[in-house]
Amino acid sequence: MRNRIDPELVETLDLFPPLDLDNVEATRAAMAAISQSMEIPVDESVTITNRMVPGPKDAPEVRVRIYEPKENNAVLPGLLWIHGGGYVLGAPEGDDVLCQRFVTEANCVVVSVDYRLAPEHPYPAGLEDCYAALKWFAEQASELGVDAARIGIAGASAGGGLTAALALLARDRKGPELCFQMPLYPMIDDRNNTPSSLEITGNMIWNHDLNEKGWTMYLNGENGKDSVPQYAAPSRATDLTGLPYTYTCVGQLDPFRDETLDYVTRLCRAGVDVEFHLYPGCFHGFEGVVPTAAVSQRALTEYIGAVKYVLNRNVLVRKGQ
């Protein structure tokens, strides 16, 4: 397997400590310590603020992290961003650099969701937090300088899984209406039995064993059972019609390769507009782990460009052009 990894990516695996999901609290603390020790570049043209917004019924408020241009006189599109972390790790601050790039390069306002994590808060807590944040975003679009008809959702890994689930939920609850979804290398199949999920073992950022543990915590041990709903694991969905324009990508050495390929194929058959990229030699989350690699730069440019294209394409569609 090692000889198949892109040469610019392979050395990082030797430096990246394997994730320990048997000790979630300790892993979270270690990740927070690393994050606090790093100096995150701040774009002076972007304002970053935190805000508490109404949560789901009978649940706490949800913290959102808002990224917006300091100077802007136009009504902009909006992007709801959902961080990754196997449904058990992560925080919005971990994607500060990326969310700032969405603002400056895709010319949009970004709202990033600090959703509740498993195992303390298993499904549907995190998804319902994301839905509450999306509802707030759409309802407060005018206040935020956002065009409510040009709101998209996006996320990576478990954030990609929540993105795909949120698109289904918004469709079935009749709103808020979405013009775009971007579930990047999404964690969407709790059964963990595709060829790629079985193939990827060892220290590859994410692997079969970690995937099993993440799903077990998120679904409270119900993963793999016939009763798992589509909103928990979007690979379970049988009807993908009516979903918005979709962009997704995945590395060829990612355990989520095959579930992503299946999802893309079924979206196409359901009549959904889809753009998809498969990156050879790339493990899970490669562009975030080694952002300076040439393949990472291509991936970042392509999916940030997709956000810009689709959110602004919607203006042209509405004008009949």
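What this report covers is the structure whose coordinates are included nearby.

1. Focus on helix α4 (residues 125–139)
Stage number 1. Taking 1.5 Å of rise per residue, 15 residues should cover 21 Å, and α4 covers 21 Å from first to last C-alpha, within 8% of that figure.
Stage number 2. Counting buried residues in α4 gives 11 out of 15 residues, a clear majority hidden from the surface.
Stage number 3. Those residues of α4 that fall on the buried side of the exposure criterion are Ala 125, Gly 126, Leu 127, Asp 129, Cys 130, Tyr 131, Ala 132, Ala 133, Leu 134, Trp 136 and Phe 137.

2. Points about the pairing of strand β7 (residues 245–251)
Stage number 1. Taken across its seven residues, β7 has seven buried, putting it largely inside the fold.
Stage number 2. Judged by which residues are buried, β7 turns out to be covered on both faces: Tyr 245, Tyr 247, Cys 249 and Gly 251 on one side and Thr 246, Thr 248 and Val 250 on the other are all buried.
Stage number 3. Two strands pair when backbone bridges link them, and strand β6 (residues 180–184) and β7 are joined in this way by two bridges, in the parallel orientation. When the bridges of β7 are listed, Gln 181 appears paired with Thr 246.

3. Let's talk about the packing of α4 against helix α6 (residues 158–172)
Stage number 1. At a minimum axis distance of 10 Å, the contact between α4 and α6 shows a crossing angle of 60°. Judged on the interaxial angle alone, α6 and α4 are oblique. Seen along the crossing, α4 lies across α6 with a hand that is right-handed. Along its contact with α4, which presents Gly 126, Leu 127, Cys 130, Tyr 131 and Leu 134, the element α6 presents Leu 162, Ala 165, Leu 166, Leu 169 and Ala 170.
Stage number 2. Grouping the constituent residues of the contact of α4 with α6 by class yields nine nonpolar, one polar and no charged.

4. Observations concerning the sheet that holds strand β1 (residues 46–53)
Stage number 1. If you walk across this open sheet you meet the eight strands as β1-β2-β4-β3-β5-β6-β7-β8, and the pairing is mixed. At either margin of the open sheet sits one strand with a lone partner, and together these are β1 and β8 (274–279). Direction aside, the axes of adjacent strands within the sheet are offset by 15° on average.
Stage number 2. Of the pairings in the sheet, the one linking strand β5 (residues 146–156) to β6 comprises five bridges and is parallel in character. Across the sheet, residue Ala 156 finds its bridge partner in β6, namely Leu 184.
Stage number 3. Where helix α3 (residues 96–106) meets the sheet, it contacts β1, β2 (62–69), β3 (76–82), β4 (109–114) and β6, and its direction lies at approximately 45° from that of β2.
Stage number 4. Sheet strands in contact with α4 are β1, β2, β3, β4 and β5, and its direction is about 170° off that of β3.

5. Structural notes on unusual backbone geometry
Stage number 1. Along the chain, Tyr 123 connects to Pro 124 via a cis peptide bond; the corresponding omega equals 10°.
Stage number 2. Here Pro 124 is to be found in the loop between β4 and α4.
Stage number 3. Looking along the chain, the bond that leaves Gly 175 and enters Pro 176 is cis, with omega of -5°.
Stage number 4. One non-glycine residue, Asn 192, adopts positive backbone phi at about 55°.
Stage number 5. Its place among the elements puts Asn 192 in the loop between β6 and α7 (195–199).
Stage number 6. On the basis of relative accessibility, which here comes to 3%, the residue Asn 192 falls in the buried class.

6. Re the side chain of Asp 189
Stage number 1. Tracing the chain through its elements places Asp 189 in the loop between β6 and α7.
Stage number 2. Exposure remark for Asp 189: the relative accessible area of 7% places this residue in the buried category.
Stage number 3. For Asp 189, the contacting residues outside a window of four places in its chain are Thr 194, Trp 215, Ser 235 and Glu 259.

What counts as what
Residues numbered from 1 in each chain as written. Predicted model: local features only at pLDDT ≥ 70, side-chain atom pairs only at ≥ 80, totals over all residues. Heavy atoms only, no water. Helix = DSSP H or I, 4+ residues; strand = E, 2+ residues; numbered from the N terminus. Expected span 1.5 Å × (residues − 1). Buried < 20%, exposed > 50% of the residue type's maximum accessible area, 1.4 Å probe, protein only. Pairing = 2+ DSSP bridges. Axes fitted to C-alpha atoms, helices over the stretch in contact; angles between N-to-C directions. Parallel < 35°, antiparallel > 145°, perpendicular 65-115°, else oblique. Left-handed = near helix turned anticlockwise from the far one by under 90°. Contact = heavy atoms within 4.5 Å. Nonpolar A, V, L, I, M, F, W, Y, C, P; charged D, E, K, R; others polar.

So far we have only geometry, and geometry alone does not tell us how the molecule works.
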